[in-house]
Structure formats: structure tokens, C-alpha cells
Amino acid sequence: MRLGATLAHLSDARPFAVAEWARRLVGAGFESLWTPQIIGRGSLVPDPFVTVAVAATATEGVEVGTATVQVPLHHPADLAHRILSLMSVCGDRLTLGISPGSTEADYAALDRDYTARFRTFDQNVARLRVLLAHGRDERADLAPAATATGGPPLLLGSWGANVERAAREFDGWLASGYRRTTDQIIAAHERYRAAGGQRAIVCAVRLSGTDDLGPTGEQLQRYAEAGFDDAVVLIEPGGPDPEEVRALLP
């Protein structure tokens, strides 16, 4: 199992200096760098597209990705433009984790309909696939029924019946460890594999202090034994050093 880390944190402290933090994480041996899209929840979590672009230019060779972009918060054409622009910076290092979103505050901040997020997600993803498949031609057919693929790998971050959908329709599945127990995540992973799922990533495995090292090491071992391809840790300010965290999974 590969080990990645997030470029952002979820505390009230100031954001990490992205370039410096990215270089430190890569220097510690982390194999991928990720960032979420969070807006309207109080403290600043920097824009994911800016964050990933900075991390990509500050490092070499390591995968960079979003975990996740909330698709219904964007117009498909604008989102495709942002992704294609990001691809011009990151190349094939970019992986795009997307989701319907799970927090009403993000929708309220942008005056979007939280209750319609799943329907909007379906419509926007269909249009997004077409736009990405046509590359720079953002005037391509926007028919919702289109099934063209293109652009970076698309991983779905969602729960419930969407676990099986991630296996059928996407390049992988992102399981957030932020609100689920290890047992719940492993059980959902079994369903994902049974449905034929490919890449499986457990993300947002949070470490707030050095006392978290032992329990997190046990978690990571369980995820590795369950067959996850990647785990992504979230180190908060005041948490353990990246080198200590990386040593949990030799």
C-alpha cells in the first residue's frame, strides 16, 4: 500500500505554506499529495486547483490530486477549463477525485442547492466527461447522455450505493476516513472490490499529535491487509513530524 499526505489541514491555524510543505512531504517519502475542496466552514482551506498547481511545480515525479472537488459547486465548462489548465501544469501526475459533496455549509456559501447535489452531480459529470474528452475545445457537445471519457483519472468519493457505482463507472474510489470508522471503511471496501472496483484509496486519516502515531499505525496496517492501494494521512499543525508518520508504513 502506498502512502500519501494532504497539503491542507482542517484546524483553525493558518494554512501550510504549500510549496514548502509539499517539498517536505516528498522529502519524507510520501508518494502522493492531495487536497480537498472546502469552503464556508470557517477557517481557510486554500483553493484545490491553486494548491495542486503549486505542489506540482515545487516537486517532481510525485502524484498530485484532489480529494475531492465538489462537482455541483461548479459549472461543467468552468470546471473543465480549470482541470485542463491544471493538466497543463501537472501532466500525467494529476488524479482528480470528485464528489457530490457532503457538507451543507459549502453549498450555502455559494448559494447552491444542497438537496439537489446528487442529481446535479450526475448531470455535471456527464457534461464534464465530454468536455475533457475534447481537450481544449470547450464548445463541444454538452449532451448529458454522453459517455465520452478523457482527461485525468476520475475517482469518486462517496458512500452508500455510490461505492458500487465507483467500481462500475470511475477509475477508483476515495473513502474518507474523517467521519467513518476503520471497520465501516473496510466493509465498504469489500463491497467495492466485489463490484469489480480498481484503485481504492482511504484518505483523511487524521493525526493531531504524537499520541496518534500508534493508533494510526494500527489503522494503516489494517487498511493494507484489507487490500487498499493507497492511504492518505492528514497531519494537523502540532501533529507528528512527516518523517515519523511515513515510518509507520515502511
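The notes below deal with the structure included here. Just so it is clear, the model here is predicted, and its values are computed rather than measured.

This part covers the pattern of salt bridges. The full count for this structure, using the stated rule, is 15 salt bridges. Overlapping salt bridges bring together R2, E63, R199 and D230 as one network.

The subject of this paragraph is the side chain of Q70. Along the chain, the position of Q70 falls in strand β3 (residues 63-70). Within the local environment of Q70, its side chain forms a polar contact with the side chain of D106, the two groups lying 2.8 Å apart. Ignoring any residue separated from it by four or fewer positions in sequence, one finds Q70 in contact with Q37, R41, S99, G101, S102, D106 and Y107.

This paragraph deals with the nonpolar core. Soluble globular proteins tend to bury their nonpolar side chains together. Counting residues in each nonpolar core, the largest one holds 58 residues, and the members touching the most others are F30, L33, W173, F228 and V233. Among the elements that take part in this core, helix α3 (residues 76-90) stands out by supplying 6 residues, more than any other. Ranked by size, the runner-up nonpolar core spans 7 residues in total, among them W34, A67, I201 and C203.

Across the 5 residues that make up strand β1 (residues 2-6), a large majority, 4, are buried. As paired strands, β1 and strand β8 (residues 230-235) are joined by 4 bridges and run parallel to one another. By the bridge assignment, G4 is partnered in β8 with V232. The handedness of the β1 to strand β2 (residues 32-35) crossover, carried by helix α1 (residues 18-28), is right-handed.

Procedures and definitions
- Residues numbered from 1 in each chain as written.
- Predicted model: local features only at pLDDT ≥ 70, side-chain atom pairs only at ≥ 80, totals over all residues.
- Heavy atoms only, no water.
- Salt bridge = Lys/Arg side-chain N within 4 Å of Asp/Glu carboxyl O.
- Helix = DSSP H or I, 4+ residues; strand = E, 2+ residues; numbered from the N terminus.
- Polar contact = N/O pair within 3.5 Å; in protein donor to acceptor, adjacent residues only side chain to side chain.
- Contact = heavy atoms within 4.5 Å.
- Core = buried A, V, L, I, M, F, W, Y, C linked by side-chain atoms within 4.5 Å.
- Buried < 20%, exposed > 50% of the residue type's maximum accessible area, 1.4 Å probe, protein only.
- Pairing = 2+ DSSP bridges.
- Right-handed = clockwise from strand over helix to strand, strands pointing away.

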